Amino acid sequence: MKSRYFTLIVSLFFSIGLLNGCSDSSGKNNQQKNKLIPAVEAVQTGYGALPLVERLSGVVRAKNQVDIYAEISAIVSDVHVNNGDKVKQGDRLVTLRQKEFVERLNQAKASLQIAEAQAKQSEARYNELQLSLKRYESLSEKGLTSEAEFETIKTEALSAQADFDLSKARVAQAKANVAEVDENLSKTVIRSPISGMVGSRNAEVGMTVGSSTKLFTVGQLDTVIVEVILTDRMLNYIETGQRSDIISTTLPSGSVSSKLTRIS
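The structure reproduced in this document is the subject of the present report. Each chain has its residues counted from 1, running along the sequence as written. Predicted model: local features are reported for residues with pLDDT of at least 70 only, side-chain atom pairs are reported and counted for 80 or more only, and whole-chain, interface and lining totals are derived from all residues. Values shown for side chains rest on all heavy atoms present in the structure; no hydrogens or waters enter the calculation.

**Some words on the side chain of serine 192**
Helix and strand definitions here come from DSSP, where helices need a minimum of 4 consecutive H or I residues and strands a minimum of 2 consecutive E residues; each element is numbered from the N-terminal end. Mapping serine 192 onto the fold places it in the loop between β5 (189-191) and β6 (196-199). Residue serine 192 is classed as buried on the basis of its relative accessible area of 3%. Other than its neighbours up to four places away in sequence, serine 192 contacts Val87, Lys88, Gln89, Gly90, Asp91, Leu93 and Val218. Per-residue accessibility, obtained with a 1.4 Å probe over protein chains only, is compared with the maximum for each type, and a residue is labelled buried under 20%, exposed over 50%, and partly exposed between these values. Here a residue-residue contact requires only that any non-hydrogen atoms of the pair lie within 4.5 Å.

Laid out in C-alpha cells, this is it:
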C-alpha cells in the first residue's frame, strides 16, 4: 500500500512536468526564448517495496528456560551449584533443612500404628458380636431366648460394625497423612527438571524459602531466543519468516542474522 502511494506521487509529478513543457512550447514561445527550459525525463512507473527498518530492544532467553522454586517452606541447609554450572536433569540444586519433616514423619507413622491397633480391636469386637448375633438368631427361631435379649445383641452388633468402619477410615486417613509428610520430606531436596546451565542464583544457606521464592534459573544455552515487544502498528507489516539482525556487544562478530519464528 505504501509503495503504491509512493509510485502514484512520482507519476503525477512527471505528468505535470510534461504538461507544463507542452504549454510553454506552444503558447508562450516568444516570451520564453531567453529562459532555460528544464530537462524532463519520462520513466515507466512500477511497483516496488520501500525499505522499512524497526530498531527494538529485546530480552535474551535460553531454550527451555525455567525458574526453580521451592514447593515447601523451609530453611536452606545446603546449596550444591553456582551460577554458570552445568547440571543434568535430576541433579541436586538445593537441600532444605529436613529435621522438622523427619519429626513429622515419625509422628505420622506413630499415629498410623495407633490407628491400625484400634482397627484390629474394633474388628475383633465386630467379629465376636457377629458370632453372638448368629447364635441368638438360631435360639430365637427355636424360641429359646427372649425378644429383648435378641434386640440387645443386635444393637451391639450394629454398634460394633460402626466402630469398625470408623477405625478403618482412621487408618486410611493416617496413611494419607504419612504419604503427605513423606512427600514433603522428599521436596526438601530440590532437583533440576532439565539439563542446562544454572543462572540467577538466589539461594543462600540459612535463608527461609517458600513457594514464591525463586532459587535459580536453568536453561539450555545452545539455543537462545530473543523476545521483543511489538506495537499494534508493527503487526501490519511484521510477520514470521522475516529476517532480523541481532546486535549485541557480547557477540564476537557484533551481530547475527536470524528469522522471526513466532508472534504471540
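This is not the end of the story, as more comes after the structure.
**Let's talk about the packing of aromatic side chains**
Only the six-membered ring of Trp is used, alongside the rings of Phe and Tyr, when aromatic pairs are assigned; centres must lie within 6.5 Å, and planes under 30 degrees apart are stacked while those over 60 apart are edge-to-face, with the rest tilted. Counted by the stated rule, this structure contains 1 aromatic pair. An angle of 20 degrees between the planes, with centres 5.6 Å apart, marks the rings of tyrosine 126 and phenylalanine 164 as stacked. Taken together, the positions of tyrosine 126 in helix α2 (residues 99-142) and phenylalanine 164 in helix α3 (residues 147-186) put the pair 38 residues apart, joining distant regions of the chain. Residue classification places phenylalanine 164 among the buried positions, given a relative accessible area of 13%. Between the NZ or CZ atom of arginine 104 and the centre of the ring of phenylalanine 101, over which it lies, the distance is 5.0 Å. Note on criteria: charge over ring means Lys NZ or Arg CZ within 6 Å of the ring centre, with the direction from the centre no more than 35 degrees off the ring normal. The residue whose ring lies beneath lysine 168 is phenylalanine 164, and the NZ or CZ to ring-centre distance is 4.7 Å.

**Observations concerning the nonpolar core**
Counting residues in each nonpolar core, the largest one holds 30 residues, and the members touching the most others are Leu93, Val94, Leu96, Ile190, Leu215 and Phe216. Going through the elements one at a time, β2 (74-79), β4 (92-96), α2, α3 and β8 (214-228) are the ones with two or more residues in this core. Among the elements that take part in this core, α2 stands out by supplying 6 residues, more than any other. As used in this record, nonpolar core signifies buried Ala, Val, Leu, Ile, Met, Phe, Trp, Tyr and Cys residues forming a set joined through side-chain atoms within 4.5 Å. In terms of nonpolar packing, the next biggest core, distinct from the first, is built from 8 residues, Tyr126, Leu133, Ile153 and Phe164 among them.

**Some thoughts on the sheet that holds β5**
One open sheet accounts for 4 strands, arranged β5-β4-β2-β7; its pairing is antiparallel. What marks the edges here is a single partner per strand, and that holds for β5 and β7 (208-209). What makes two strands pair is DSSP finding at least two bridges between them. Relative to β7, β2 runs antiparallel, the two being bridged by 2 bridges. Following the sheet pairing, alanine 74 is matched in β7 by valine 209.

**Here we look at the side chain of serine 132**
Examined against the element boundaries, serine 132 turns out to sit in helix α2. There is a polar contact of 3.1 Å between the side chain of serine 132 and the side chain of arginine 135. Any pair of nitrogen or oxygen atoms within 3.5 Å is treated as a polar contact; in protein, a donor-acceptor pairing is required on top of that, and neighbouring residues in sequence qualify only through side-chain atoms on both sides.

Treat this as a map of the structure, not an account of what it does.
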